[in-house]
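Structure at a glance
Each chain is listed here by its residues.
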Amino acid sequence: MTLEGEYEPSPEQWVRDQVEEFESSGGQRGNLLMGKPEWPVVVITSKGAKSGKLRKNPVMRVENDGVYAAVASKGGAPEHPTWYYNFVAHPEVDLQDGAEKHTYSVRVAEGAERAEWWERAVAQYAPYAEYQQKTDREIPVFLLERKD
């Protein structure tokens, strides 16, 4: 099942551009952060916490045994990214990894499970460790488990 509703593009130009390139190519282009092969991304569609409109964000690809992690780092900012609130309010998202798109249940990882996924995330994208040092908040790690 795919989320339905009106799509509202991101106010951030780089996000709009990357999502458009990713989707228009079936995930063949726009699937790398800053064009670096070691930094693959997936695109996650969530429902807006306030607007209810569909929002799309490229997120670092962190996957293990079919489960994905979405790290709400916002580059180490003191506040969560907007999509954090979307995930909390509507814990069902669509995730596209390359050409494959499926619906996932979302939950926040805690304790030892969070620590394990945090290590995976940092192994995939080392700047996450720097982002954690820049902020007083514990950066949330969401786990996305396939529904369909």
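What comes next is a walk through the structure.

**What about the environment of Arg29?**
In this fold, Arg29 is placed in the loop between α1 (13–24) and β1 (41–47). Taking relative accessible area as the criterion, Arg29 reaches 45% and is therefore assigned partly exposed. For the pair Arg29 and Gln18, spaced 11 residues apart in sequence, the C-alpha separation works out to 8.6 Å. Apart from the residues lying within four places of it in its own chain, the contact partners of Arg29 are Glu21, Phe22 and Ser24.

**Digging into helix α3 (residues 111–124)**
With 14 residues, α3 should cover 20 Å at 1.5 Å per step; its first-to-last C-alpha distance of 20 Å lies within 8% of that length. Those residues of α3 that sit buried are Arg114, Trp117, Trp118 and Ala121. Here the buried residues of α3 occupy an arc of 110° about the axis, which is enough to place them on one side. Turned more than 90 degrees off the buried face of α3, the exposed positions are Ala112, Glu119 and Ala123. Lining the buried residues of α3 we find β3 (62–64), β4 (67–71), α4 (127–134) and β7 (141–146).

About the cut-offs
Here the residue index of a chain counts from 1 through its sequence in written order. Note on the predicted model: pLDDT of at least 70 is required for a residue's local features to be given, and 80 or more for side-chain atom pairs to be given and counted; whole-chain, interface and lining totals, by contrast, use all residues. To get the side-chain values, take all heavy atoms of the structure and skip hydrogens and water. Every helix listed is a DSSP run of H or I at least four residues long, and every strand listed is a run of E at least two residues long, numbered separately from the N terminus. Only protein chains enter the area calculation, which uses a 1.4 Å probe; residues under 20% of their type maximum are buried, those over 50% are exposed, and those in between are partly exposed. The criterion used for residue contact is that any of the two residues' heavy atoms lie within 4.5 Å. For a helix, the expected span equals 1.5 Å multiplied by the number of residues minus one. Comment: arc refers to directions from the helix axis out to C-beta atoms.

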